[in-house]
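# Topology and contacts: notes
Residue strings, one per chain:
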Amino acid sequence: MRPAASLATRVPMFADRTNTIATIALGALLAYLAYAFGQWAFVHAVWRLPADAGSLPCRAARGEGACWAVVVERARFMFFGSYPPGAQWRPAVVCLLFVSVYAASVMRTFWSRWLLASWIAVSAAAVVLLRGGWLGLADVPSESWGGLPLTFLLSTVGFTLAFPVAVLLALGRRSTLPAIRTLSVVYIEVVRGVPVMTFLFMAAVMFPLFAPQGFAVDKLVRAQIAFVMVTAAYLAEVVRSGLQAIPRGQYEAAASIGLSFWPAMMLVVLPQALRVSIPPLVNTFIALFKDTSLVIVIGLFDLLGAAKAVIVDPKWVGFGAEVYLFTAAVYFGFCFVVSRFSLRLERELGRARAA
Amino acid sequence: MNEHERPESQFHVDMQAVNKWFGTLHVLRDVTLKVRRGERIVICGPSGSGKSTLIRCLNGLEAHHSGRIVVGGVELTREVKTIDQVRRRVGMVFQQFNLFPHLTVLENCTLAPIRVKKVGRKAAHDLALHYLTRVRISDQAGKYPGELSGGQQQRAAIARALCMNPEMMLFDEPTSALDPEMVKEVLNTMVSLADEGITMLCVTHEMGFARQVANRVIFIDGGRILEDNEPDTFFRAPGHERTRAFLSQVLH
Amino acid sequence: MSQSCAPRVRIGPRVSWRGARAKAIGWQLAVLAVAMALVATVAVQTAINLRARGIASGFDFLSRPAGFEIARGLFSFSSRESYARALLVGLLNTVRVSFLGIAIASVLGLSIGIARLSGIWIVSTVSRAYVELVRNTPLLLQLLFWYTLSQGLPAPSDALNPLPGVYLCFRGLFLPAPIWHDGFPWIGVEAPTLAGFGFQGGISISPEFAALLVGLSTYTAAFIGETVRGGILAVGRGQIEAAAALGLSRPHALRFVVLPQALRVIIPPSTSQYLNLFKNSSLSVAIGYPDLMSITNTTLNQTGQAIEAIALAMAVYLTVSLAVSAAMNLYNRATLRRGGGA
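Residues numbered from 1 in each chain as written. Chains lettered and ligands numbered in written order. Predicted model: local features only at pLDDT ≥ 70, side-chain atom pairs only at ≥ 80, totals over all residues. Heavy atoms only, no water.

Here the focus is the pattern of salt bridges. Residues and elements named next belong to chain A. On inspection of all chains with the given rule, the structure shows 26 salt bridges over all chains. Taking the shortest distance from any N to any O, the salt bridge between Glu252 and Arg248 comes out at 3.0 Å. On the criterion of helical spacing, the pair formed by Glu252 and Arg248 is a turn pair, its members being four residues apart in helix H11 (residues 248–256). With relative accessibility at 44%, the residue Arg248 sits in the partly exposed group. (Salt bridge = Lys/Arg side-chain N within 4 Å of Asp/Glu carboxyl O. Helix = DSSP H or I, 4+ residues; strand = E, 2+ residues; numbered from the N terminus. Buried < 20%, exposed > 50% of the residue type's maximum accessible area, 1.4 Å probe, protein only.)

Okay, structure coming up:
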């Protein structure tokens, strides 16, 4: 419908000499950079190390070729952290479960009440499967969990638990009762006004001080609580915008057919508000997904944490670029795909609404 | 004079077999039109007929796909140079006024003379006031467009176009977005312009204006010019049956 | 976003006015009671725990000597000085990196936003690739990446020397410093010289600071770029056509017609991006740059008074955030009155 947005297509300022010269010059520069990168990343790269050569071949190629061998050799650790090698099929399954749930969520065909339940179900299944201790599965304490499953777990559980809290906060902020409104506003503004890092510090250092003696709470659980608290505040603003976008007539219509407050909210207003808010909701999830990388600071090893741990090893010191590039590719792959799907969803919903 | 100008062009506008598509939609079909200097042309037709597209091709706001368009001796090509040359000598007034909301009326008028023609600030100021007085809104010079009525805004837009001292003025349905009581003040402004000998091409539904001012009235439908006559003949005895149908709908 | 047409329609069966009021008060009292009970329980338990672990309470620690050094920077700090001063130095470092970061991100973001809309395909595609790449990877990863790159630079003895007096090694960037003699503007230049394990003299920029600055700027610039792009696109098509019809060149149209109108749409979200940069500077903890968050971390590790330290840090960040938000609200109201955009 609309032509690709650029100043040129808005008013046809036609192709001219400067345009062509710039294209050629920049194209040449780009080609050179791509060539140089290709040489480092592919042509001169070291992909595998012989059995007991240490990392010598890699060090020899330093500066000239990338050492992808570090990724190849340490892939398992980067993906699953220090999970016991024999049982690593479990985190692998967990990752697959999460990916399927995300995939289902961005495709309209799978939308139903079951989808909501499946987020909760998959999260629970993940915890249970990773923990083990039943049906012959070895017991693996949460300290050993790491890598991609941890990132997925923190994001998904964080988002799922934050959601109901966010709805309550949003409704509270719009409430006519001053006490409730004040509490909601204060919570939202305080949480949004401070860095996420402070909440993680709270989780790591302050929460143990709040808990009764002898009741040691898992560091992972504490971090999860921190993420839920933070995400709830940001989600609350998204939900609030969505609620504001619903025309007054909807509220009135719901009231006129006799629906009291909560049924009206759940059946009429919220579904519409959420539908309208899909892009910012997905953005919030992606932001949370990226923010889980902060747990490295409090000593948990998610995908980024595992990557950093790899280059601490004396054998692999100095190959941070390769490791981080690979990790970036994983994050990018996930976030980019999700945001593309969200754009597609947005278009589909726009069409459906217009129809 | 550069290679794009030809001294012996007696036509101000010379369109030869111009075609344009919007995607698969054929908007202008083999349009041929010749306009002499000082002529006043009114173009009318049903919506979607291509009348707006036609005049927008004349100052490069739309690109034509085949045929030739020569304006003031300069042939419009895809080169920015030719388009800039044409735009300096052709003024345009839009249906939605398109005044710059962040500038005062006076600043709207002086912007182009200062930046494009490199006129000095004082000279541009005087020029702007001259034209604002002509369109009778000199007292609004210091105000922002948002503070003016629709009729005042359109007259300001006309003044803004005039400040570039154009040889030709294009009007794209200038009164269609106005409340009825303001249409007259804008039309009167346009009539007074016509008396000055400036070439005018005007897309409009205002047939009274056409009768009063136009040398020729053109009817366009489905991208083709179906009728091109002086107003008397056009209104009294239109040749094409579609012209008759259109007129019967518009004049009642 | 516009102020809401927030319908506060009372949904539900109509109750008598006095009954409704009583219910409202009742609900609020209940919520407040629950909240206070929660806070009280936590407070009591915390007090017990603090006493059990022998952790002090209160802010007296602020006047005690810190006992740690802060790496070289603009402000000197020795271990004899107080925690309070240490935190202040940290705050100043935060402000320093934030200001510079915001400045760089703004310029970079503006360029990227305009580049995204360029008619030259390569320019718009490359800027788009940049934005997608930066926005879809975690900021912390980018910071660690930049830091790792800096650590891959050679040792001071083999430092890169691109210009006379300029040295680049894994200990940082060293630049010649101007010297003032008795009030005269710079008579001489003091160049850094190799001494022991590093350089002496001149201006030094630590790799931590550089990595943080580069990472924060490039990350925030991507978001600002998208905001700029949205703002420019929000300017009505007719505006650009009118500018074109008047013969204004593309750069002139951009500068005098499009950008002034776009800026009104760009500034509010950009402000929240600036705040994000300010808050994101707290990631310095992972790199080792001594800003407010890092020093808070060291302080609470040494004194054990986590609650006070974290609360203090939160208070600082919160104050800045709220102040900027309030200023933005004032600005919004002022522009609306002046008869803003299209």
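Attention now moves to helix H13 (residues 278–291) of chain A. Here H13 of chain A contains 14 residues, and its C-alpha end-to-end distance of 20 Å stays within 8% of the 20 Å for a straight helix at 1.5 Å per residue. Those residues of H13 of chain A lying buried are Ile278, Pro279, Leu281, Val282, Thr284, Phe285, Ile286, Leu288, Phe289 and Lys290 of chain A. (Expected span 1.5 Å × (residues − 1).)

Residue and element names in this part refer to chain B. The phi torsion at Lys118 lies on the positive side, around 55 degrees, for a residue other than glycine. Counting through the fold element by element, Lys118 comes out in the loop between helix H3 (105–115) and helix H4 (121–134). Here Arg136, not a glycine, exhibits a phi torsion of approximately 65 degrees, which is positive. Position of Arg136 relative to the elements: it lies in the loop between H4 and helix H5 (150–162). Note on Arg136: relative accessible area 64%, which makes it exposed.

Quick look at the pairing of strand E2 (residues 25–36) of chain B now. All names here are of chain B. Where strand E1 (residues 11–22) meets E2, eight bridges bridge the pair, whose relative direction is antiparallel. Counterpart to Lys20 in the pairing with E2 is Leu28. Taking the residues that link successive antiparallel strands as the turn, the E1-E2 hairpin has two residues, and the phi of Gly23 there is positive, at about 70 degrees. (Pairing = 2+ DSSP bridges.)

The next point concerns the confidence of the model for chain C. Where the model shows low pLDDT, its predicted coordinates should not be examined in detail. Confidence along chain C averages 84 in pLDDT terms, with 87% of residues attaining 70 or more. This complex was scored by the predictor with a pTM of 0.84 and an ipTM of 0.89. (pLDDT = per-residue confidence, 0-100.)

All names here are of chain B. Spatially, six strands are ordered E6-E7-E8-E3-E9-E10 in an open sheet, and the strand pairing comes out mixed. Looking at the sheet topology across the chains shown, the edges are occupied by strand E6 (90–93) and strand E10 (224–229). Going from strand to strand, the sheet's axes swing by 15 degrees on average, the running direction of each strand aside. Helix-sheet contacts for helix H9 (residues 241–250) involve strand E3 (40–44), strand E9 (216–221) and E10, and the interaxial angle to E9 is about 100 degrees. (Axes fitted to C-alpha atoms, helices over the stretch in contact; angles between N-to-C directions. Contact = heavy atoms within 4.5 Å.)

Okay, the side chain of Thr284 of chain A next. All names here are of chain A. For Thr284, the location among the structural elements is in helix H13. Owing to a relative accessible area of 13%, Thr284 belongs among the buried residues under this scheme. Sequence-distant contacts of Thr284, that is, excluding residues within four places in its chain, are made with Thr231, Tyr234, Leu235 and Val238.

With that out of the way, let us pick up the state of the cysteines. For the structure shown, the criterion picks out one disulfide over all chains. Covalent S-S linkage joins Cys58 of chain A and Cys67 of chain A, the inter-sulfur distance amounting to 1.9 Å. Looking along the S-S bond of the Cys58 of chain A-Cys67 of chain A disulfide, the torsion reads about 80 degrees, which is the right-handed sense. Considering cysteine sulfurs only, Cys202 of chain B is the nearest to Cys44 of chain B, which forms no disulfide, with 11 Å between them. With relative accessibility at 0%, the residue Cys44 of chain B sits in the buried group. Free of any disulfide, Cys163 of chain B has its nearest neighbouring cysteine sulfur in Cys109 of chain B, separated by 4.4 Å. (Disulfide = S-S within 2.5 Å.)

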